[in-house]
Amino acid sequence: LPGAALDLLKLSVGRAARGSGATDTPSDIIETLAQLTGLPSSFHYSHHRRDLPSLRRSFPARRIAEQCGVPVLPGSGEVESIDEALAFADRIGYPVMVKAAAGGGGRGIRLINSPREFREAAARAMQEAQAAFGNAAIYVEKNLQRVRHIEVQVIGDKFGNAVPVGERECSIQRRHQKLIEECPSIAVSPQLRRSLTRAAVRIARAANYHNVGTVEF
């Protein structure tokens, strides 16, 4: 690889080692790396330019799922006011999750069990989101207790094709970061697997996804 490409690749890998991953790598780094290496979009370590802004952020990805008819938990729009977020949480009932609208990876997330906790927890989530993503906006989502975190791996190409390649059990977590991945999940029945993989493919196609990635349930 050219020297400049190696420097960019080291920067991208360094971010992944700190828990950011490819989806948090700035799109300008991704685009420049692709140009320097001369690799097509199906091979370089990135998403396609058009799908990156939508799928690298939690809130836009949620909207894509809604547009595809994929069921999502009750949630607010993107908000910058704690009062507005609190009012929505009161409407849907506790517990709720407050999440950074501009990112993911377990940062800017707080589980809130009652209105008494809300203001302090939401303020901390917004501070963390601002520090991590340069954007303090959050959204509120209903939290379900005693559920599993399942991820479906998908591969998409520039011709509009998308295929699933199995699911992973990612329910063992610490601070909203998965510690262990198990494939396949022992909790997923054949019927549920079909439903999850079909939903993941709908989302990938709607986002014009050109790479290998995961859809999380």
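Reading guide: rules and limits
- Residues numbered from 1 in each chain as written.
- Predicted model: local features only at pLDDT ≥ 70, side-chain atom pairs only at ≥ 80, totals over all residues.
- Heavy atoms only, no water.
- Salt bridge = Lys/Arg side-chain N within 4 Å of Asp/Glu carboxyl O.
- Helix = DSSP H or I, 4+ residues; strand = E, 2+ residues; numbered from the N terminus.
- Buried < 20%, exposed > 50% of the residue type's maximum accessible area, 1.4 Å probe, protein only.
- Pairing = 2+ DSSP bridges.
- Axes fitted to C-alpha atoms, helices over the stretch in contact; angles between N-to-C directions.
- Contact = heavy atoms within 4.5 Å.
- Expected span 1.5 Å × (residues − 1).

Student: What is the right way to read the pattern of salt bridges from this model?
Tutor: Close approach of charged atoms allows side chains of opposite charge to pair. Applying the stated criterion across every chain, the model contains 12 salt bridges. With a shortest N-O distance of 3.1 Å, Glu 128 and Arg 110 are connected by a salt bridge. Note that Glu 128 is positioned in helix α6 (residues 115-133) and Arg 110 in strand β2 (residues 109-112), a separation of 18 residues in sequence. Via salt bridges that share partners, Arg 62, Glu 66, Lys 99 and Glu 141 belong to a single interconnected network.

Student: Looking at this structure, how should I read the pairing of strand β1 (residues 96-100)?
Tutor: Successive residues of a regular strand alternate their side chains across the two faces of the sheet. Counting buried residues in β1 gives five out of five residues, a clear majority hidden from the surface. Here β1 shows two buried faces, one formed by Val 96, Val 98 and Ala 100 and the other by Met 97 and Lys 99. Inspection of the sheet shows β1 paired to β2 by four bridges, in the antiparallel sense. Looking across to β2, one finds that Val 98 is bridged to Arg 110. Summarising the sheet, β1 and strand β3 (residues 138-142) pair through five bridges and their orientation is antiparallel. Within β3, the position partnered with Val 96 by the bridge is Lys 142.

Student: Sorry, what's going on with the sheet that holds β1 here?
Tutor: Hydrogen bonds between backbone atoms are what pair the strands of a sheet, whose relative direction is either parallel or antiparallel. Taken in spatial order, the three strands make up an open sheet running β2-β1-β3, and their pairing is antiparallel. Only two strands of the sheet have a single partner each, and these edge strands are β2 and β3. Ignoring strand direction, the axes of neighbouring strands in this sheet form an average angle of 20°. Docked against the sheet, helix α5 (residues 82-92) engages β1 and β3, running at close to 10° with respect to β3. Across the sheet, α6 is in contact with β1, β2 and β3; its angle to β2 comes to roughly 170°.

Student: Hey, could you run me through unusual backbone geometry in this one?
Tutor: Trans is the common state for peptide bonds, and a negative phi is the common state for residues other than glycine. Omega for the peptide link from Tyr 94 to Pro 95 comes to 5°, which places this bond in the cis form. Turning to its location among the elements, Pro 95 is positioned in the loop between α5 and β1. Residue Pro 184 is reached from Cys 183 by a cis peptide bond, and omega for that bond is -5°. In the Ramachandran plot, Asn 208 falls in the positive-phi region, its phi being about 55° despite a non-glycine side chain. The topology assignment puts Asn 208 in the loop between α7 (190-206) and β8 (212-216). Residue Asn 208 is classed as partly exposed on the basis of its relative accessible area, which comes to 23%.

Student: Would you take a moment to explain α7 for this structure?
Tutor: Residue pairs spaced three or four apart in an α-helix point in one direction, given the helix's 3.6 residues per turn. Taking 1.5 Å per residue, 17 residues should reach 24 Å; α7 reaches 24 Å between its end C-alpha atoms and fits that length. Those residues of α7 not exposed but buried are Leu 196, Thr 197, Ala 199, Ala 200, Val 201, Ile 203 and Ala 204. Just beyond α7, the residue with positive phi is Asn 208, at close to 55°.

So yeah, pure geometry; function would need other evidence.
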